[in-house]
Amino acid sequence: MSDSVRLKWLLSESDVRAGVEAEALPLLSVSISWGVRRREASSTTTRAAAEDLSNYKICRAGDLVINRMRAFQGALGIAPEDGIVSPDYAVLEVTPTIDSRWLTYFLTSGSTVATMASLVRGIGGTEAGNVRTPRLNVADLLSMAAPLVSAEEQHLIADYLDRETARIDTLIEEQQRLIELLRERRESATRAALLRGLDDGAPLRASGSEFLGLIPSTWTIVPTRHLCTITTGDEDSGNASDDGAYPFFVRGREILRSDTYAFDAEAVMTPGDGQGGTGKVFHYFDGKFQAHQRVYVFIDFHGITGRYFYYYLSTFLRPIALAGSNTVTMESLRRPLLAGFPVAVPPADEQTLIVEHLDEQTAKINQLIAETERFIELAQERRAALITAAVTGQIDAREVA
């Protein structure tokens, strides 16, 4: 497969606007993970009734659709049905002599995606993922070269890759289900320890909370405001420093760095809002650190250890607060809600035993999750390498068919 052909001989751009057909055709989207499919099948976002989609582009079944902003990451695919797509997408008709499966494999192969990345026009660099308004121009795409492969060999390559990638995908799905089971096991073990303790024979009493149910009779229910001080940071993410000496806890999951610190204490933190998901991101830290102005910081613990409070808050804040909040979406957390959050508090010595138990158990499960995630990463790398090798002729499809 040393000969090549420009993509302009295999593809032709189509720019037909939906107009009155907008309401009759399904809205399609393009993803790095699954290619092209209906918008409602790919996310919780659906078409708004009042949204004007008349300027959207029409694509026909078999057309190549490319998200030009994410093309350098492999966001493209063949339309499975007639539909409409974002006017910023590129729609290209595929020459009938080309096997669309082979074309998709070629365009999503590592070497092709790397070439696309070098052609992306925008401000910034794709290697850092920080291009602003990046676009892959259709003219640049069509100038790229593809291997000159006969129709028969295209079919053989596509059949081979369909078979082999399906095997890898099945394996990856099994490992992803394993991770889900491990996370469920971790959550179940944590909940059990925080609601019943470690003594299965301990006498129980009503907690007074429908959600918590029964708790050991020696435990007490105490509002958070009586267990610690609730405050917030006062910094903005823009003040982060890449080589700062102190951890900087912001509104997302990522921990930044800061040249200064505002706290020197054992603390538990959770964002009041943000992209990490309200009630889903929690941190425990003991030492000097900085915090964002919309991050709640719990310090000065009394009657409870910071580590035990971290386990309890991260396990029960969202389900309890969500059940008792009028803000169903949990878009933000308010201080009164946090101050009144009920905590089941065991005696001090029992807190220590529970924390030691949870540290040990979660460390084991986290290790298994990390190993499984690494296995998935290797499988994905194997899948990508296989596709690249097949479409570039390093694997002879006739020999492996």
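Use the structure listed above.
Summarised in this report is the structure supplied together with it.

Definitions and cut-offs
- Each chain has its residues counted from 1, following the order in which its sequence is written.
- Totals for whole chains, interfaces and linings use every residue, but because this is a predicted model, local features are given only for residues with pLDDT of at least 70 and side-chain atom pairs only at 80 or more, for both listing and counting.
- Where side-chain values are given, they derive from all heavy atoms of the structure, hydrogens and water being excluded.
- When DSSP finds two or more bridges between two strands, those strands count as paired.
- Under the DSSP-based scheme used, a helix requires at least four consecutive residues in state H or I and a strand at least two consecutive residues in state E, with every element numbered from the N terminus.
- In this analysis, axes come from line fits to C-alpha atoms, helices being fitted only over the stretch in contact, and the angle between any two N-to-C directions falls in the range 0 to 180 degrees.
- Within 6.5 Å between ring centres, the rings of Phe, Tyr and Trp (the latter by its six-membered ring) count as paired, and their orientation is classed by plane angle as stacked under 30 degrees, edge-to-face over 60, tilted in between.
- Burial status follows relative accessibility: with a 1.4 Å probe on protein chains alone, a residue under 20% of its type maximum counts as buried, one over 50% as exposed, and anything between as partly exposed.

A word on the sheet that holds strand E18 (residues 255-258)
For step 1, the next point in the chain: Ordered in space as E16-E21-E19-E20-E17-E18, the six strands form an open sheet in which the pairing is mixed. At either end of the open sheet lies a strand with only one pairing partner, and these are strand E16 (229-232) and E18. Sheet twist, expressed as the mean angle between neighbouring strand axes with direction ignored, is 55 degrees.
For step 2, the next point in the chain: With four bridges connecting them, strand E17 (residues 246-249) and E18 associate as antiparallel partners. For Phe-248, the partnering residue across the bridge sits in E18 and is Leu-256.

Observations regarding the packing of aromatic side chains
For step 1, the next point in the chain: Applying the stated rule across the entire model yields 14 aromatic pairs.
For step 2, the next point in the chain: Measuring from centroid to centroid gives 5.9 Å for Trp-102 and Phe-106, while their planes differ by 10 degrees, and the two rings are stacked. Residue Trp-102 and its partner Phe-106 are both found in helix H2 (residues 100-107); the two are separated by four residues, about one turn of the helix. Here Trp-102 matches Phe-106 in class, with each residue buried.
For step 3, the next point in the chain: When the centroid spacing of 6.2 Å and the interplanar angle of 55 degrees are considered together, the rings of Tyr-284 and Tyr-310 count as tilted. Residue Tyr-284 is found in strand E20 (residues 283-291), and its partner Tyr-310 is found in helix H6 (residues 306-323); the two are separated by 26 residues along the sequence.
For step 4, the next point in the chain: On the basis of relative accessible area, Tyr-284 is assigned to the partly exposed category, the value being 25%.

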